[in-house]
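# Survey of secondary and tertiary structure
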Amino acid sequence: MHEQENEFSKPSKTGVFDESLILDLEKHQFLAPVLAKLVAGRPALAPLFDFPQSHLGKVLAASGSRLGMKPPPLLYQLRHSGPSIDFADQSRDLTGIKRRGRWRSDS
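Definitions and limits used
- Residues numbered from 1 in each chain as written.
- Predicted model: local features only at pLDDT ≥ 70, side-chain atom pairs only at ≥ 80, totals over all residues.
- Heavy atoms only, no water.
- Helix = DSSP H or I, 4+ residues; strand = E, 2+ residues; numbered from the N terminus.
- Expected span 1.5 Å × (residues − 1).
- Bend = angle between axes of the 7 residues up to and from the residue.
- Buried < 20%, exposed > 50% of the residue type's maximum accessible area, 1.4 Å probe, protein only.
- Phe/Tyr/Trp six-rings, centres within 6.5 Å; stacked < 30°, edge-to-face > 60°.
- Contact = heavy atoms within 4.5 Å.
- Salt bridge = Lys/Arg side-chain N within 4 Å of Asp/Glu carboxyl O.

Our focus in this paragraph is helix α3 (residues 75–88). Compared with an ideal rise of 1.5 Å per residue, which puts 14 residues at 20 Å, α3 spans 21 Å between its outermost C-alpha atoms and is within 8% of the ideal. Where α3 bends most, the angle comes to about 25 degrees, and this point is serine 81, followed within four residues by the proline proline 83. Along α3, the positions that sit buried rather than exposed are Gly82, Pro83 and Asp86. The positive-phi residue at the C-terminal boundary of α3 is glutamine 90, with phi of around 55 degrees.

Following this line, the structure appears as structure tokens:
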């Protein structure tokens, strides 16, 4: 998801223009038909979802609270969990993990 109107119109805070999400592993393949249905009939640069990112954050936090998670989860944590899981299950090398996490440094 992108807060930007057009993901290629201005760089992210790290100076990256393309913030595409990498879903190239076997464990991600179930998403292909779901995403295909979401984009069917939409203009090429139309947002994938018709609600703001702030709403998703509120729903995630409320869901976590209902599950007893303290503190409730934040959207920012999702960005790091995928690459961290890739590291833990050794499904990517360090270069691939950095690319997936959009991390520019080794620290």
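Moving on from the model shown.
Below, the discussion takes up the packing of aromatic side chains. Under the defined criterion, the tally for this structure stands at one aromatic pair. Ring centres of phenylalanine 49 and phenylalanine 51 lie 5.5 Å apart, and the angle between their planes is 35 degrees; on these two criteria the pair is classed as tilted. Given the relative accessible area of 30%, phenylalanine 51 is considered partly exposed.

Inspection of the secondary structure puts arginine 99 in helix α4 (residues 94–101). Considering only alpha carbons, one finds arginine 99 and leucine 21, 78 residues apart in sequence, at a separation of 9.5 Å. Apart from residues lying up to four places away in sequence, arginine 99 is in contact with Ile22 and Asp24.

All right, on to unusual backbone geometry then. Of note, the bond from lysine 70 into proline 71 is cis; its omega dihedral lies within 30 degrees of zero at -5 degrees. Even without being a glycine, glutamine 90 presents a positive backbone phi close to 55 degrees. Following the sequence through the fold, glutamine 90 ends up in the loop between α3 and α4. Given the relative accessible area of 69%, glutamine 90 is considered exposed.

Taken as a whole, this structure holds five salt bridges when the rule is applied. Close ionic contact of aspartate 89 with lysine 27 constitutes a salt bridge, the shortest N to O distance being 2.9 Å. Remark: lysine 27 occurs in the segment before α1 (31–39) and aspartate 89 occurs in the loop between α3 and α4; sequence separation between them is 62 residues. You can call aspartate 89 partly exposed: its relative accessible area is 40%. Residue class for lysine 27 comes out partly exposed when judged on its relative accessible area of 37%. Across the salt bridge formed by aspartate 86 and arginine 100, the nearest N and O atoms sit 2.8 Å from each other.

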